[in-house]
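Examining the three-dimensional arrangement
In case you want the letters, here they are:
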Amino acid sequence: MSIAWKLLASPALRLIDSERAHSISIGGLSRIGESAVGGSILNRLYKSPELPIEVFGNLFRHPLGLAAGFDKGAEALLSWSRLGFSWCEYGGVTRYPQEGNEKPRMFRANKHRALVNSMGFNNPGASEVRKRLIERKSADKWPNSPVAANIGRSKKVSNDQAADDYAATLDHLWEYADIFVLNISSPNTPGLRELQENDYLESILKSCTGLKERKETTKPILVKLSPDSPDEILRETVSISIRNGIDGIVASNTTVKRPPPLSTQSRKAFANNGGLSGRPLHSRALEVISMSFDESRGRIPVIGVGGIDSKDSAWEAIISGSSLIQIYSALVFNGPSVTSSIVKGLKDRVKESGFSSISEAVGYKHI
Ligand SMILES: Cc1cc2nc3c(=O)[nH]c(=O)nc-3n(C[C@H](O)[C@H](O)[C@H](O)COP(=O)(O)O)c2cc1C
């Protein structure tokens with residue numbers, strides 16, 4: 001772990017209240033990473049190698065991005081590329097501002113390198129996020145790497161109204177992201193996962209792809225899956241998504257399942273309601289990536305996320321079918337140097353395997 005991370009965020013992350021630790025480190029990052037001097041220091045410390053791949057018509061410097069939920073309000077967009085990520089996903093953003101669930105709502109299980117969270121889409125709402133992003137663009141503080149926006153359903157909106165709610169947020173943010181992810185799989189908004197049922201799903205997809213058709217610019221819209229859905233539902237979700245013009249799949253969100261606890265801290269963390277992320281999620285995330293790749297037969301890209309924290313777990317995600325990958329928990333447990341070490345490791349694996357580019361390795365396990 002680097003000196004800068006030790007000074008910047010690691011002491012904060014050791015606090016018992018994990019959410020406060022998180023907001024301190026985000027606050028520090030947005031101040032340091034967004035300034036010209038701080039940004040260039042971070043850039044030098046955490047620069048990751050090049051391993052280019054073209055996905056959704058965008059060129060990514062390498063496949064590794066920041067997963068949704070870390071920068072919910074799009075406060076530190078410049079920092080992520082300076083910490084070595086080739087792209088980032090802000091949000092989840094909902095149409096209406098939300099406080100989220102009661103605190104505490106984020107817990108660590110260090111022995112498992114896992115987090116449990118029940119945040120519940122705390123975010124300033126689509127109008128406020130849009131306002132911030134307009135200011136950011138006009139202040140010339142827009143990253144020159146791809147930016148994705150994660151969209152959730154507002155808590156006060158029923159599933160019957162969900163299609164309009166998603167489309168309204170998409171409309172608000174259309175000019176302020178290159179890629180959109182429809183999150184129908186968070187465990188922390190009551191009823192949200194029911195949106196994976198056919199009728200709701202089709203109406204959400206139709207209203208969002210309908211909006212896309214009315215826009216002058218075309219942008220990819222992706223669907224994020226739950227690892228807790230049965231395999232046949234996941235396959236069906238992928239095929240309904242493709243039929244309705246969805247451009248990619250994100251596999252996957254957090255799980256409500258728990259592994260057997262390895263310590264008292266883990267037992268306490270796992271006893272809380274919410275979604276588990278980090279290392280114990282990895283094997284199921286790989287299954288969901290593989291299934292999505294197989295079901296789509298490579299027609300639309302899959303983005304792999306869940307328990308990636310090393311070159312080996314990243315490589316497994318790529319050969320299982322991920323064109324791009326993301327991390328959240330590994331950033332908390334390992335600090336930002338994990339980004340360059342994963343990308344460097346992937347670059348070595350590409351070379352050792354005799355591929356001429358990382359795109360040749362995508363889905364290789366299925367050949
Ligand atoms: C505190 C926290 C908040 C999250 N918020 C969101 C969110 O708003 N939208 C979303 O799609 N995923 C959210 N996620 C899920 C992550 O994007 C990712 O899918 C999950 O953490 C698995 O990746 P990891 O094992 O690398 O952490 C959140 C995860 C955590 C830990």
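See above for the structure.
The shown structure was predicted, so the numbers you read here are calculated from the model rather than taken from an experiment.

What follows concerns the overall build of the chain. Of regular secondary structure, the chain possesses 14 helices and 13 strands. By the compact-globule yardstick of 21 Å for 367 residues, the chain fits well, its C-alpha radius of gyration being 19 Å. Across the 367 residues of the chain, 53% fall into the buried class. Residue pairs in contact within the chain that sit at least 24 positions apart in sequence constitute 75% of those at least 6 positions apart.

Around the ligand sit 27 residues in total, of which G69, G92, S277, Y328 and S329 are the nearest. At the level of secondary structure, the elements contributing two or more residues to the shell around the ligand comprise β4 (87-93), β6 (114-117), β11 (275-278) and α13 (329-334).

What follows concerns the sheet that holds strand β5 (residues 106-109). Taken together, 3 strands build an open sheet; the order of strands is β5-β6-β11 and the sheet is antiparallel. On the outer flanks of this sheet lie β5 and β11, each paired with one strand and no other. Ignoring strand direction, the axes of neighbouring strands in this sheet form an average angle of 25°. Two strands pair when backbone bridges link them, and β5 and β6 are joined in this way by 4 bridges, in the antiparallel orientation. Across the sheet, M106 pairs through a bridge with N117, a residue of β6.

Taken together, 8 strands build a closed barrel; the order of strands is β3-β4-β7-β8-β9-β10-β12-β13 and the barrel is parallel. Each strand axis lies, on average, 25° off the axis of its neighbour in the sheet, ignoring direction. Judged from the 3 bridges that link them, strand β10 (residues 248-251) and strand β12 (residues 302-305) form a sheet pairing that is parallel. Bridge pairing links V250 to I303 in β12.

Calculation rules
- Residues numbered from 1 in each chain as written.
- Predicted model: local features only at pLDDT ≥ 70, side-chain atom pairs only at ≥ 80, totals over all residues.
- Helix = DSSP H or I, 4+ residues; strand = E, 2+ residues; numbered from the N terminus.
- Rg over C-alpha atoms; globule rule 2.2 N^0.38 Å.
- Buried ≥ 20, exposed ≤ 12 C-beta atoms within 10 Å, placed from the backbone.
- Contact = placed C-beta atoms within 7 Å.
- Near = placed C-beta within 6 Å.
- Pairing = 2+ DSSP bridges.
- Axes fitted to C-alpha atoms, helices over the stretch in contact; angles between N-to-C directions.

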